[in-house]
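# Descriptive structure summary
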Amino acid sequence: MARIHKTVTGDGFLAKQPTNKTLLDIHRRMVRIRHFEERAGKLMEDGKIPGALHLYVGQEAVAAGVMVHLTAEDQITSTHRGHGHLIAKGGDFDRMYAELFGRSTGYCKGKGGSMHISNMDLGMLGANGIVGGGPPIAMGAAFANKFRKSKHVAVAFFGDGASNEGSFHEAANMASLYKLPAIFVCENNGYGEYTAQANHQAVVDVADRAAGYGMPGVIVDGMDAVAVYEAAGEAIARARKGQGPTLLECKTYRFYDHVGVRGMGLNYRTDDEVKKWMKRDPIKLFEARLAEQKVLSKKQAEAVHAEVLAEIEAAVAFAEQSPMPDVASLLDDVYSTAG
Amino acid sequence: MAQMNMVQALNSAMDIMLDKDSSVVILGEDVGYFGGVFRVTEGLQRKYGENRVLDAPIAEGGIVGVAIGLAVNGLRPIAEVQFADYIYPAFDQIVSELARLRYRTAGDFFAPMTIRTPCGGGIRGGQTHSQSPEGIFTHVSGLTVVMPSNPYDAKGLLISAIETDDPVVFFEPKRLYNGPFDGDPNKPAVPWSTHPKGKVPDGYYSVPLSRAEIVRPGKAVTVVTYGTMVHVCMAAVHRAGIDAEIIDVRTLVPLDVDTLVKSVEKTHRCVIAHEATRFGGYGAELSSTIQEECFWHLEAPIQRVTGWDTPYPHAFEWEFFPGQHRVAAALEEVMKH
């Protein structure tokens, strides 16, 4: 059975205490994700961003706690709920909003959009509109590292829903068979789209599935950034040492709907359940901890929020003012040479 | 210059590319230690090691997905899907990921990889070891789709496929592995050693992608075909005594439209032949393209010769397979006008 990572919330003791600098880094990444997403949701509601968004709000501790261990050379594959992963990986707000707006200045010159945003320089191989599309590709990226004898790792993010796809199981088997420098990070937010976990899989802990592939499975509180940081750190260190993959299941929750910005009054989950999880808002939990540890005062935290919000306003203006792609580019990049 | 069958020619192409380019790797089911069920990768793992020629689990989606992850990182994987009939579990990775990586990232990254897969009937393989699914992949923007008809082209096209920066689905008509099969199962098998295209240089050379070849020049009718049907059409034309021009398409996408159009403008008649089923098949695209480009030159409706719109039937292998008599009937039909 999967090992439960000891959460440290409230006990004031950490086996491997992250430095204050790391804690502040994690905090900033989480705040950046939160405000980017809140603003993106409003822009979508106002009809300024075409199409639908899958917002990452509520799950920030996972992206931040994992990504703070990674360099740009450590590649990730993401999901349809991918903005948070790209932001935590160092994504630039200007180019992200521009991509969501479908502008020529976006990361994919407007051709990817929210669900397919990517950037090779940051090691972000793509958000993905196909549930379970990413894990096999991440294993290929991990394999390239092994092939070149580098110490870089690859991380596949996916949800509880995707853990039912064959692609996850094929990737898990191959990762373990080839002892790839890889980490499977399952963000179990309790729902595969609109279906509760209990109605889409018989297991309670996705991490138990690791046993089927001969790799460690670890369960961690995905609302606790430090717990994620610790567990991800162990898994990533293990991968870098050539000891093979780990399946890390982060128990988390999305505050909004599968698509869009409604959180409450949904027919497939209760408001009480949402409120219960919101009491454990990962940013509030983390800020309380940082205040208690005198790493970041309330006032200092507010300043971080204000800075990020100002950056967002500038980025939204940048995106709105950016030109649409030239329609002639519609036919570009299907093949390496123009047709 | 050596005599090679198609298996040896393909093996030679991969041997040369593994030697020439350290980023080339092979992965697939049984391709390493065992050497492949059709022996196409025989000896390559022994020569280049387990890191270059990898045995993979029976997990086609995983194989293609892992190859994509390697390819976006600058390697040039050759993924073998053991039979084209087994490619469907990998369909999502091919269509949703591989084909459109370059487009959806606006050229930021792409996957230069080749998927090799044996296709076609004539070996009594039944429904799941005989299919010709090329038309399913020609419909997907971003893929290059290739099907050689002889050892010389097989080697040269596979080298081009490995070298191009675009993803290639490379179909190998398995009935042609050991000889130029003309559609008559009752005749003794003919080896490649008796065929001019069985002469294959030992070293490096390439056959360009997107270039069709006129394998028999003629004036009366254009026969557009590829794979095993090239040889069936040759035999049918010979038997009918019609001065047909036979074009081996070789690369199905991107298609060499010019060669087709020039020929039909000359002959004013066209027969299209493929083993795959008819409805919505690749022949429909060929027919439509020729109609659009050559309408005022045509003297007769374009004819298609194809497999029937059924699964590949075990009992009726040679009724399903579009043999010489069906090609001959189509030739007669267009020559009536």
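On a predicted model such as this, the values are computed, not experimentally measured, just so you know.

### A word on the overall build of chain A
When you go through chain A residue by residue, the secondary structure sums to 11 helices and eight strands. Here the C-alpha radius of gyration of chain A, 19 Å, is about what a compact globule of 339 residues would show, namely 20 Å. Each of the three principal axes of chain A carries a C-alpha extent, and together these read 55 × 50 × 40 Å. The contacts of chain A with a sequence gap of at least 6 include a subset with a gap of at least 24, amounting to 74%. A total of about 13,600 Å² of accessible surface is found on chain A, and carbon and sulfur atoms cover 55% of it. Averaged over its 39 positive side-chain charges, chain A has a centre that lies 5 Å from the centre of its 40 negative ones.

### Examining the pattern of salt bridges
Applying the stated criterion across every chain, the model contains 29 salt bridges over all chains. As a salt-bridge pair, A:Arg28 and A:Glu307 come within 3.1 Å of each other at their nearest N and O atoms. In this pair, A:Arg28 is assigned in helix α1 (residues 20-45) and A:Glu307 in helix α11 (residues 298-321), connecting sequence segments 279 residues apart. By relative accessible area, A:Glu307 is classed as partly exposed at 45%. Between B:Glu245 and B:Lys266 there is a salt bridge, with its nearest N and O atoms 2.7 Å apart. One end of the pair, B:Glu245, is in strand β11 (residues 244-248); the other, B:Lys266, is in helix α9 (residues 257-267), with 21 residues separating them in the sequence.

### With respect to the packing of aromatic side chains
Evaluation of the coordinates by the stated rule reveals 23 aromatic pairs over all chains. Both rings, one in B:Phe91 and one in B:Phe137, keep their centres 5.5 Å apart while their planes meet at 80 degrees; by these two values the pair is edge-to-face. Linking B:Phe91 in helix α4 (residues 91-97) with B:Phe137 in helix α6 (residues 134-138), this pair joins segments that are 46 residues apart in sequence. Chaining the aromatic ring pairs together yields one cluster made of A:Tyr191, A:Tyr194, A:Tyr253, A:Tyr268 and A:Trp277. Across the ring face of B:Phe110, the terminal group of B:Arg102 is positioned such that the distance to the ring centre comes to 4.1 Å. Directly above the ring of B:Phe181 sits B:Arg175, whose terminal nitrogen or CZ lies 3.6 Å from the centroid.

### Some remarks on a negative patch on the surface
All names here are of chain B. On the surface, Asp 258, Glu 265, Glu 285, Glu 292 and Glu 293 cluster together to form a negatively charged patch. For the negative patch, the elements supplying multiple residues, two or more each, are α9 and α10 (282-294). At three residues, α10 tops the list of elements feeding residues into the negative patch. For Glu 293, a relative accessible area of 45% puts it in the partly exposed group.

### Observations regarding the confidence of the model for chain B
Averaged over all residues, the pLDDT of chain B equals 97, while 100% of them reach at least 70. Two numbers describe this predicted complex: its pTM, 0.94, and its ipTM, 0.91.

### Some thoughts on the interface of chain B and chain A
Between chain B and chain A, the contact holds 43 residues from the first and 35 residues from the second. Carbon and sulfur atoms supply 62% of the area buried between chain B and chain A, which totals about 3,200 Å² over both sides. For the pair chain B and chain A, the number of links is 14 residue pairs in polar contact (both at pLDDT 80 or more). Contributing elements (two or more residues each) for the side of chain B that touches chain A: β3 (53-55), α3 (60-71), α4 and α5 (101-104) of chain B. Considering each element in turn, the side of chain B that touches chain A owes the most residues, nine residues, to α3(B). Broken down by class, the residue content of the side of chain B that touches chain A amounts to 17 nonpolar, 16 polar and 10 charged.

### Description of the sheet that holds strand β14 (residues 303-307) of chain B
Residues and elements named next belong to chain B. The strand order across the open sheet built from five strands is β9-β11-β10-β13-β14, with neighbouring strands paired in mixed fashion. Each edge of the sheet is formed by a strand with only one pairing partner; in this case those strands are β9 (213-216) and β14. Recorded for the sheet is a direction-independent mean angle of 25 degrees between the axes of neighbouring strands. Of the strand pairs in this sheet, strand β13 (residues 270-277) and β14 are connected by four bridges, and their pairing is parallel. Within β14, the position partnered with Thr 277 by the bridge is Gly 307.

### Points about the environment of A:Ser118
Its place among the elements puts A:Ser118 in the loop between α4 (93-101) and α5 (134-147). Accessibility expressed as a relative area gives 2% for A:Ser118, which makes it buried. C-alpha of A:Ser118 to C-alpha of A:Glu187: the two residues are 69 residues apart in sequence and 19 Å apart in space. If we ignore the near neighbours within four places in the chain, the residues touching A:Ser118 are A:Tyr107, A:Cys108, A:Met124, A:Leu125, A:Gly126, B:Thr105 and B:Phe109.

Quick notes on the rules
- Sequence order as written defines the numbering, with residues in each chain counted from 1.
- Labels follow written order: the first chain is A, the first ligand is 1, and so on.
- Residues qualify for local features only when their pLDDT is at least 70, as the model is predicted, and side-chain atom pairs are given and counted only at 80 or more; totals for whole chains, interfaces and linings, by contrast, use all residues.
- With hydrogens and water set aside, each side-chain value is computed from the structure's full complement of heavy atoms.
- Labels follow the DSSP assignment, with helices taken as runs of H or I lasting at least four residues and strands as runs of E lasting at least two, numbered in each case from the N terminus.
- Each radius of gyration reported is based on C-alpha atoms, and the globular scaling rule is 2.2 Å times the count of residues to the power 0.38.
- Every residue pair with non-hydrogen atoms within 4.5 Å of one another is taken to be in contact.
- Reported accessibility uses the Shrake-Rupley method at a 1.4 Å probe radius. Residues are deemed covered only where the shown protein chains occlude them.
- Charge counting treats Lys and Arg as positive and Asp and Glu as negative, with His and both chain ends excluded.
- For the purpose of locating charges, the reference atoms are NZ of Lys, CZ of Arg, CG of Asp and CD of Glu.
- A carboxyl oxygen of Asp or Glu within 4 Å of a side-chain nitrogen of Lys or Arg is what we treat as a salt bridge.
- Here the term buried applies to any residue with accessible area under 20% of the maximum for its type, exposed to any over 50%, and partly exposed to those in between, with areas from a 1.4 Å probe on protein chains only.
- The criterion for an aromatic pair is that two Phe, Tyr or Trp rings (for Trp, the six-membered ring) have centres within 6.5 Å, with stacked assigned to planes under 30 degrees apart, edge-to-face to planes over 60 apart and tilted to the rest.
- In this scheme, Lys NZ or Arg CZ marks a charge over a ring once it lies within 6 Å of the ring centre and within 35 degrees of the ring normal.
- The patch calculation keeps residues exceeding 30% relative accessible area without a salt bridge and links them within 9 Å when they carry like charges or within 5 Å when they are nonpolar (Val, Leu, Ile, Met, Phe, Trp, Tyr).
- Confidence of the predictor in every single residue is expressed as pLDDT, which spans 0 to 100.
- Buried area is understood as the total, over both parts, of accessible area removed when two parts are fitted together, assessed with a 1.4 Å probe.
- For this analysis, a polar contact is any N or O atom pair within 3.5 Å, provided that within protein one partner can donate a hydrogen and the other can accept it, and provided that sequence-adjacent residues contribute only side-chain to side-chain pairs.
- Charged residues are taken to be Asp, Glu, Lys and Arg, nonpolar residues to be Ala, Val, Leu, Ile, Met, Phe, Trp, Tyr, Cys and Pro, and polar residues to be all remaining types, Gly included.
- The pairing criterion is simple: DSSP has to find at least two bridges between the two strands.
- A fitted line through C-alpha atoms serves as each axis, taken over the contacting stretch for helices, and the angle formed by two N-to-C directions is quoted from 0 to 180°.

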